[in-house]
Amino acid sequence: NEEKKDSLTEITESDILNGIYKDDEQFDLIVNIVGEWIIDNSRIYFLEMNKYSDEDLEREIKKHVLGLGVEVVFYDTLKGFKGDQWETVKQTTTLLKNVCGEMNVAGYCTIQLTDETHFIDIFDLNSNNIANAKQLYHVVDHMILEKRLNPKDYHKYRIVNEWGTYELDENKTYYGQKIAKNRGTGRGVCIVTGK
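Let me begin by describing the structure that accompanies this report. (Residues numbered from 1 in each chain as written. Predicted model: local features only at pLDDT ≥ 70, side-chain atom pairs only at ≥ 80, totals over all residues. Heavy atoms only, no water.)

**Some thoughts on the nonpolar core**
Now for step 1: One finds Met143, Leu145 and Leu149 to be the most contacted residues of the largest nonpolar core, which totals 29 residues.
Now for step 2: Elements with a minimum of two residues in this core: α4 (54–68), β1 (72–75), α5 (86–103), β3 (142–148) and β6 (174–182).
Now for step 3: At six residues, α5 tops the list of elements feeding residues into this core.
Now for step 4: Beyond its immediate sequence surroundings of up to four residues, Leu145 is in contact with Leu113, Ile122, Leu125, Asn126, Ser127, Ile130, Gly176, Gln177, Lys178 and Ala180. (Core = buried A, V, L, I, M, F, W, Y, C linked by side-chain atoms within 4.5 Å. Buried < 20%, exposed > 50% of the residue type's maximum accessible area, 1.4 Å probe, protein only. Helix = DSSP H or I, 4+ residues; strand = E, 2+ residues; numbered from the N terminus. Contact = heavy atoms within 4.5 Å.)

Set out below in structure tokens:
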């Protein structure tokens with residue numbers, strides 16, 4: 001496949017960042033090369049848990065950090081154990097934050113947004129759009145709210161980066177991310193990703 005890899009020299013970093021490919025074959029080639037690099041240069045473990053009490057989560061995080069050298073923990077989907085009342089979800093969130101802090105690793109959790117979020121512009125999202133647990137805003141260090149953009153609204157948005165300003169391609173799917181909380185900088189910034 002050296003011939004195919006040679007065609008990569010025609011692709012610029014800007015093309016990759018903006019999702020501009022000559023054809024599906026070129027896109028698949030990039031995905032495969034990136035996928036191979038990730039497999040060869042990273043340690044990613046997937047764990048499906050049937051029991052997810054706070055104690056189970058803490059044990060698994062510590063086991064993976066100490067035993068396998070995990071540096072980033074992703075938890076999908078954040079929920080309360082034996083109930084989704086906001087107090088329970090906040091308690092689990094606090095535990096995850098504390099365990100990740102103690103183990104000196106990053107933690108990333110996903111959580112559902114309210115059904116009404118579909119009808120709200122990405123720039124107007126805030127912690128009130130979190131289903132069952134808007135109090136999480138006070139616990140976490142960073143919060144990013146994300147939703148799929150509706151194609152009928154693509155005309156409202158532009159992608160702006162160091163290479164210029166681009167309209168959204170109606171043939172692509174885009175997700176908007178709003179930085180709702182950041183202990184550093186960048187709060188209120190919206191990011192658009194597409195595929």
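**As for the side chain of Ser53**
Now for step 1: In this fold, Ser53 is placed in the loop between α3 (24–41) and α4.
Now for step 2: According to the relative accessible area criterion, Ser53 is buried, its value standing at 8%.
Now for step 3: At 2.9 Å, the side chain of Ser53 forms a polar contact with the side chain of Asp56. (Polar contact = N/O pair within 3.5 Å; in protein donor to acceptor, adjacent residues only side chain to side chain.)

**Concerning the side chain of Thr93**
Now for step 1: By secondary structure assignment, the location of Thr93 is in helix α5.
Now for step 2: On the basis of relative accessibility, which here comes to 7%, the residue Thr93 falls in the buried class.
Now for step 3: If we skip the residues at most four places from it in the chain, Thr93 touches Leu78, Leu136, Val139 and Val140.

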